[in-house]
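# Working through the structure, step by step
This is what each chain is made of:
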Amino acid sequence: MKTPLEKDRPELDLLVDLARLIRKYGPEPFEILANSSRSTDLMKKLTHLLSTGARIARETPITGKATKKKTVTLIEKTLALLQETEPQKYELISAFYDALQTKSVLPTIRDVKAFASDCGLPQIRETSRQKSIAPLMQRLILLPTEELSKKLKIPQWNQKGDRSLEGWTNIILGEKGRTR
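Position labels on residues start from 1 in each chain and follow its written sequence. Per-residue local features of the predicted model are confined to residues with pLDDT of at least 70, and side-chain atom pairs are confined, for both listing and counting, to 80 or more; whole-chain, interface and lining totals are unaffected and use all residues. Water and hydrogen atoms play no part in the side-chain values, which are based on all heavy atoms of the structure.

## Some thoughts on the pattern of salt bridges
The term salt bridge refers to a pairing of a side-chain nitrogen on Lys or Arg with a carboxyl oxygen on Asp or Glu at a separation within 4 Å. In the structure shown here, the tally under the stated rule is six salt bridges. We note a salt bridge from Lys89 to Glu86, for which the minimum N-O separation is 4.0 Å. Accessible area is worked out with a 1.4 Å probe on protein chains only. A residue is then buried under 20% of its type maximum, exposed over 50%, and partly exposed in between. A relative accessible area of 5% places Lys89 in the buried class. A cluster of three or more residues bridged by salt bridges with shared partners is formed by Asp41, Lys45, Glu86 and Lys89.

Printed below as a string of structure tokens:
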């Protein structure tokens, strides 16, 4: 039973749910967020992010089971909010996210984990590349723009490393042997 202080206080429930995420993400991201929250600039951004998120939630119609193509991921919603608050960071993050989606950067789970480790980010525990993208993006979004621009300067996955059928065809036949 809830105490009178906790009664009808969904924001406290939200904080409790957030605290439960420590099992999933570990203590490091919480420490980083706690240290960063001392900045008045971050608090303004967080306030804006929360209010904009609430506004978007109110405007988004609640429907039945959504199809995968129509579902907007949490990362995409966060990117939309980031575009409003920090356009420079948005450009960096969205370009990197698009490259991740097309596998032009970090094409394997091993690459994603190595990148996170090299950047000094908390360990990625997911076992598939697709599932590892969201935690990686969440951790990158918390970084300052200057640090982010340094960390995201990684080489694009080029054709020599392309393991698709088209990539092998290019290696075997060369560009001259291909017709389109």
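## Quick word on the nonpolar core
Here, the term nonpolar core denotes a set of buried Ala, Val, Leu, Ile, Met, Phe, Trp, Tyr and Cys residues that are joined through side-chain atoms within 4.5 Å. Counting 25 residues, the largest nonpolar core has Phe96, Leu136, Met137 and Leu140 as its most contacted members. A run of DSSP states H or I qualifies as a helix once it reaches four residues; a run of E qualifies as a strand once it reaches two. Both are numbered from the N-terminal end. Those elements that provide at least two residues to this core are α5 (74–85), α6 (87–101), α7 (109–118) and α8 (129–141). With six residues, the top contributor of residues to this core is α6. We call two residues contacting when some pair of their heavy atoms lies within 4.5 Å. Discounting chain neighbours no more than four positions away, the residues touching Leu140 are Ile93, Phe96, Phe115, Leu121, Leu148 and Leu152.

## Quick notes on the packing of helix α4 (residues 40–59) against α5
Here, axes are lines fitted to C-alpha atoms. For helices the fit covers the stretch in contact, and angles between N-to-C directions go from 0 to 180 degrees. Between α4 and α5, the least distance of the axes is 10 Å, while the angle of their chain directions is 130°. One way to sum up the angle between α4 and α5 is to call them oblique. Two packed elements cross with a definite hand, and for α4 against α5 that hand is right-handed. Across from His48, Leu49, Thr52, Gly53, Arg55 and Ile56 in α4, the residues of α5 making contact are Leu81, Glu84 and Thr85. Each residue gets one of three labels, nonpolar for Ala, Val, Leu, Ile, Met, Phe, Trp, Tyr, Cys and Pro, charged for Asp, Glu, Lys and Arg, and polar for the others, Gly among them. Here the residues of the contact of α4 with α5 sort into three nonpolar, four polar and two charged. Oblique is the label for every angle not falling under 35 degrees (roughly parallel), over 145 degrees (roughly antiparallel), or within 65 to 115 degrees (roughly perpendicular). By definition, turning the near helix anticlockwise from the far helix through less than a right angle yields a left-handed crossing, and turning it clockwise yields a right-handed one.

## Observations concerning the layout of surface pockets
Using protein atoms alone on a 1 Å grid, points that fit a 1.4 Å probe yet trap it form a cavity, whereas open point sets bounded by protein on both sides within 12 Å along at least five of seven lines form a pocket; residues with an atom within 4 Å of a point count as lining. Grid points are joined across faces, edges and corners, and a volume is the space filled by probe spheres set on the points. Empty space within the largest pocket amounts to approximately 1,800 Å³. Lining the largest pocket are 42 residues, with Leu33, Leu46, Leu49, Leu50 and Leu142 positioned closest to its centre. When contributions to the lining of the largest pocket are tallied by element, the ones reaching two or more residues are α1 (10–20), α2 (22–25), α3 (27–36), α4, α5 and α8. For the lining of the largest pocket, the element with the highest residue contribution is α4, accounting for 11 residues.

## Thoughts on the environment of Ile32
With respect to the secondary-structure elements, Ile32 resides in helix α3. Separated by 110 residues in sequence, Ile32 and Leu142 place their C-alpha atoms 8.7 Å apart.

## Observations concerning the confidence of the model for the chain
Predicted confidence across the chain gives a mean pLDDT of 78, with 74% of residues reaching 70 or more. Along the chain, pLDDT gives the predictor's confidence residue by residue, from 0 to 100. Element-level pLDDT for the chain is lowest in helix α10 (residues 165–173), with a mean of 67, against a maximum mean of 92 in α7. Note that pLDDT drops below 50 for residues 66–71; the model gives that stretch two contacts with residues more than four away or on any other chain. Within the model, the stretch residues 156–160 combines pLDDT values under 50 with 10 contacts to residues more than four positions away or in other chains.

## Looking at unusual backbone geometry
At Lys103, a residue that is not glycine, the phi angle is positive and equals roughly 60°. In this fold, Lys103 is placed in the loop between α6 and α7. On the basis of relative accessible area, Lys103 is assigned to the partly exposed category, the value being 45%.

## Observations regarding a nonpolar patch on the surface
Residues qualify for a patch when their relative accessible area is over 30% and they have no salt bridge, like charges being joined within 9 Å and the nonpolar side chains of Val, Leu, Ile, Met, Phe, Trp and Tyr within 5 Å. Areas reported as accessible are Shrake-Rupley estimates using a 1.4 Å probe. Residue values count occlusion only from the protein chains shown. The grouping of Met43, Leu46, Leu49 and Leu50 at the surface amounts to a nonpolar patch, some 320 Å² of accessible area in total. We classify Leu46 as partly exposed; its relative accessible area is 34%.

## Looking at the side chain of Thr145
Checked against the element boundaries, Thr145 lands in helix α9 (residues 145–151). The exposure class assigned to Thr145 is buried, which follows from its relative accessible area of 12%. Each residue touching Thr145, except ones within four places of it in the same chain, is listed here: Glu86, Gln88, Lys89 and Leu92.

## Focus: the environment of Ile124
You can see Ile124 is positioned in the loop between α7 and α8. Relative accessible area serves as the criterion here: at 3%, Ile124 is assigned to the buried category. For the pair Ile124 and Tyr25, spaced 99 residues apart in sequence, the C-alpha separation works out to 8.9 Å. Among all residues touching Ile124, those that are not within four sequence positions of it are Lys113, Ala116, Ser132, Pro135, Leu136 and Arg139.

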